[in-house]
Amino acid sequence: QVQLVESGGGLVQAGGSLRLSCAASGRTAATSAMGWFRQVPGKERDFVARISVNGGRTDYADSVKGRFTISRDNAKNTVYLQMNSLKPEDTAVYYCAVPRSGSYYDTRFGAVYWGQGTQVTVSS
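Structure report, in brief. These figures come from a predicted structure and were not determined experimentally.

Looking at the overall build of the chain
A count of helical and extended segments in the chain gives one helix and 11 strands. Listing each helix as α and each strand as β along the chain from the N terminus yields β-β-β-β-β-β-β-β-β-α-β-β. For 124 residues, the compact-globule estimate of 2.2 N^0.38 gives 14 Å, and the chain sits close to it at 13 Å. For the chain, the spread of C-alpha atoms along the principal axes amounts to about 40 × 30 × 25 Å. Once local pairs closer than 6 in sequence are excluded, the contacts in the chain between residues at least 24 apart make up 58%. Surface accessibility of the chain: about 6200 Å² in total, with carbon and sulfur atoms responsible for 46%.

What about the environment of P41?
One can find P41 in the loop between β4 (34-39) and β5 (46-51). Of the residues examined, P41 reaches a relative accessible area of 80% and is grouped as exposed. Along the backbone, P41 and V93 are 52 residues apart, and their C-alpha atoms lie at a distance of 8.9 Å.

A few points about the pairing of strand β3 (residues 18-24)
The element β3 is largely enclosed, with a buried count of five among its seven residues. With four bridges connecting them, strand β1 (residues 4-7) and β3 associate as antiparallel partners. Paired with S7 across the two strands is S21, which belongs to β3. For β3 and strand β8 (residues 78-83), the ladder comprises six bridges, and the chain directions are antiparallel. Among the inter-strand pairings, C22 is bridged to a residue of β8, identified as V79.

Looking at the sheet that holds β1
Ordered by their spatial adjacency, four strands build an open sheet running β1-β3-β8-β7, and the pairing between neighbours is antiparallel. Among the strands making up the open sheet, the edge pair consists of β1 and β7 (68-73). Sheet twist, expressed as the mean angle between neighbouring strand axes with direction ignored, is 15°. Of the pairings in the sheet, the one linking β7 to β8 comprises six bridges and is antiparallel in character. Note on β8: the bridge partner recorded for D73 is T78.

A word on the pattern of salt bridges
All told, the structure shown has five salt bridges when counted by the stated rule. We note a salt bridge from D62 to K65, for which the minimum N-O separation is 2.9 Å. Taking relative accessible area as the criterion, D62 reaches 66% and is therefore assigned exposed. Looking at K65, the relative accessible area reads 49%, which means it is partly exposed.

Details of the packing of aromatic side chains
Using the criterion set out here, one finds four aromatic pairs in the structure. The interplanar angle of 85° and the centroid separation of 5.1 Å between the aromatic rings of F37 and W114 together place this pair among those described as edge-to-face. Of this pair, F37 sits in strand β4 while W114 sits in strand β10 (residues 112-114), placing them 77 residues apart in sequence. Overall, the relative accessible area of 6% leaves F37 in the buried class. Under the relative-accessibility criterion, W114 is labelled partly exposed at 36%.

Cut-offs used in this document
- Residues numbered from 1 in each chain as written.
- Predicted model: local features only at pLDDT ≥ 70, side-chain atom pairs only at ≥ 80, totals over all residues.
- Heavy atoms only, no water.
- Helix = DSSP H or I, 4+ residues; strand = E, 2+ residues; numbered from the N terminus.
- Rg over C-alpha atoms; globule rule 2.2 N^0.38 Å.
- Contact = heavy atoms within 4.5 Å.
- Areas by Shrake-Rupley, 256 points an atom, 1.4 Å probe, with all protein chains shown as cover.
- Buried < 20%, exposed > 50% of the residue type's maximum accessible area, 1.4 Å probe, protein only.
- Pairing = 2+ DSSP bridges.
- Axes fitted to C-alpha atoms, helices over the stretch in contact; angles between N-to-C directions.
- Salt bridge = Lys/Arg side-chain N within 4 Å of Asp/Glu carboxyl O.
- Phe/Tyr/Trp six-rings, centres within 6.5 Å; stacked < 30°, edge-to-face > 60°.

Honestly, it's all geometry; don't read function into it.
If you want it as structure tokens, here you go:
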């Protein structure tokens, strides 16, 4: 079993910033690529960002490029999502994901373990 504990969500005004954290059990995060997804009611869960096991490769959805930054601290088994210049359309439940295979590819395109989700609400 992989346990992912997310934190950092909240209510912010447009233009503000939030930093999400996802702490994984054991050393799972240190040996696997990780990523973030988000979901709004009635819609599919969408890819936001991913990062390779050593942090050397990152990938972002077009809608967040230039505003969001994914990073990781393998000593803490934690991945972060720094969200700047937030927009109302960023409002969603944000989920941390760890691919079952551990691969960078599967973080976005394969089977993953999910965190519980943390709510981000951006008001105008």
